[in-house]
Amino acid sequence: MPPRAERTGAVGTRPASASAPPPAQPQPLPHHHQAPLQRTLHPGAWWLWALSLGIAATRTTNPLLLALLIATSAYVVVTCRPDAPWSRSYSAFVKLALAVLLIRLTFAITLGSPLPGTHVIVILPELPLPDWAQGIRLGGKVTAETLTFAFYDGLKLATLLICVGGANALANPSRLLKSLPGALYEMGVAVVVALTFAPSLIADVQRLRAARRLRGRPDNGIRGLLQVALPVLEGALERSIALAAAMDARGYGRTADVPRGVRRTTTALTLGGLLGICGGTYGLLTAEGAAYGMPVLLAGAAAALAGLRLGGRRTPRTRYRPDPWGTRAWLVTASGATVAAALAVAATRDPAALNPGVIPLVAPTLPLWPAAAILLGLLPAFIAPNVPHKEPS
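Along every chain, residues carry numbers that run from 1 in the direction the sequence is written. Under the rules for a predicted model, residues below a pLDDT of 70 receive no local features and side-chain atom pairs below 80 are neither given nor counted, while totals for whole chains, interfaces and linings still include all residues. Only hydrogens and water are set aside when side-chain values are computed; all heavy atoms of the structure are taken into account.

With respect to the overall build of the protein chain
Right, so step 1: For the protein chain, the count of helices and strands is 15 helices and two strands.
Right, so step 2: Expressed as a percentage of its 393 residues, the buried residues of the protein chain come to 32%.
Right, so step 3: Counting only contacts in the protein chain whose residues sit at least 6 apart along the sequence, the fraction spanning at least 24 positions is 79%.
Right, so step 4: Using the Shrake-Rupley algorithm and a 1.4 Å probe, accessible areas are obtained, with residue cover drawn only from the displayed protein chains. When the accessible surface of the protein chain is totalled, it reaches about 24100 Å², and 67% of it is carbon and sulfur. The helix count covers DSSP runs of H or I at least four residues long, the strand count covers runs of E at least two residues long, and both are numbered beginning at the N terminus. Under the scheme applied here, a residue whose accessible area is under 20% of the maximum for its type counts as buried, over 50% as exposed, and between as partly exposed, the area being computed with a 1.4 Å probe on protein chains only. Throughout, a contact is declared for two residues whenever any of their heavy atoms are within 4.5 Å.

Regarding the pattern of salt bridges
Where charged atoms of side chains with opposite charge meet at close range, the side chains can pair.
Right, so step 1: A pairing counts as a salt bridge when a side-chain nitrogen of Lys or Arg comes within 4 Å of a carboxyl oxygen of Asp or Glu. Using the criterion set out here, one finds one salt bridge in the structure.
Right, so step 2: A salt bridge links Asp153 to Arg104, with the shortest nitrogen-to-oxygen separation between them at 3.3 Å. Here the residue Asp153 occupies a position in helix α6 (residues 144-170), and Arg104 occupies one in helix α5 (residues 90-111), the gap between them amounting to 49 residues.
Right, so step 3: Note on Asp153: relative accessible area 32%, which makes it partly exposed.
Right, so step 4: Accessibility expressed as a relative area gives 25% for Arg104, which makes it partly exposed.

Some remarks on the packing of aromatic side chains
Right, so step 1: Note on aromatic contacts: the rings of Phe and Tyr and the six-membered ring of Trp form a pair at centre separations within 6.5 Å, being stacked when their planes are under 30 degrees apart, edge-to-face when over 60 apart, and tilted otherwise. Per the counting criterion, the structure on display carries three aromatic pairs.
Right, so step 2: Judged by centre distance (6.4 Å) and plane angle (55 degrees), the rings of Phe151 and Tyr152 are tilted.
Right, so step 3: Looking at Phe151, the relative accessible area reads 32%, which means it is partly exposed.

A few points about the environment of Ser335
Right, so step 1: Tracing the backbone through its elements, the reader meets Ser335 in helix α12 (residues 327-349).
Right, so step 2: Overall, the relative accessible area of 4% leaves Ser335 in the buried class.
Right, so step 3: A C-alpha to C-alpha distance of 8.8 Å links Ser335 and Ser52, two positions 283 residues apart in sequence.
Right, so step 4: Ignoring anything within four residues of it in the chain, the contact list for Ser335 reads Trp49, Leu376, Leu379 and Pro380.

Description of the nonpolar core
Most often, soluble globular proteins keep nonpolar side chains buried together rather than apart.
Right, so step 1: Ranked by internal contacts, the top residues of the largest apolar core, which has 40 residues, are Trp46, Trp49 and Leu69.
Right, so step 2: Elements supplying a minimum of two residues to this core: α3 (43-58), α4 (63-80), α5, α6, α12, α13 (351-354), α14 (368-375) and α15 (380-383).
Right, so step 3: Among all residues touching Leu69, those that are not within four sequence positions of it are Leu53, Ala56, Ala57, Thr159, Val339 and Ile374. Only buried Ala, Val, Leu, Ile, Met, Phe, Trp, Tyr and Cys residues count toward a nonpolar core, and they belong to the same one when joined by side-chain atoms within 4.5 Å.

Here it is, written out as structure tokens:
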């Protein structure tokens, strides 16, 4: 019988004297895999930017400037929004804005306008109304001045809605809730739940319509809408129950014991600050109170912030990986604030350019430096582009 070593070598086993090859060294990952993921922008910066564009929209009725604000908001949203379910609500806000504009024009056609006009477009049959409905008419003359005024007014509100939709598409609601001060946490939860209702509802409708199309069932018309509405409402109810259970498991609503003097001071500072903000705002809007408006507004804001700071002691909570407010957030906020400030200054210096008249009916012109200021709102598209990963929904 051959030795054991020879039998082992006969079947192809490596002899014991032969050395084994060194293990393969792991290859380094490519450079793009080793690059750290870029942190998304602070959600508060997106809201301040969008609200600043909305404030700028309220200072003008020039359709050219309003169209430029809409284009600026749309470009930033397309460039910067992440791939998340709550970021798909921008198109819904655009449709809502178009619906508001059409409703405003419909009211102007059917109910008329107190503006006198000489360019008659069409004369509708007018319905007689009782004496107690004086000042209201149904039908009658539809003039170009009436439609132009209604279009300007409706476009302003539509632009404001589109700017708010941009904030909903860019800012993560849950991360925005984490950034609120402790005193506003309970109110912030209610606001965030309200803000996430529309994106969640739209996502459910899209998912159910796609499932019905795959099954060969109709998803349009009254029948399709009725058959989709019930599962959507059922999903909303289940989501609300799950949210309530999660909030209860995390101890939502618990408060800490603070001295009575601190509670009274917090209440006094908060109420006094809010009254100061209201009084200062009223002073800024009136010509007689321009002298004291800004000091009262600043004092009220300082008192309100101090009250919120003290009120945060009653809501002890921690933040997991808080979002930093960095240089990019300051730049994004500053770009929106610059647009709002420029439009406010232009509205006082050149009101005819920002609010074109309709009697007599004149074509709107594009003022150059307000238009250039609006283009500063495109800065977030270059300093805060979309990150290369999906955010949690």
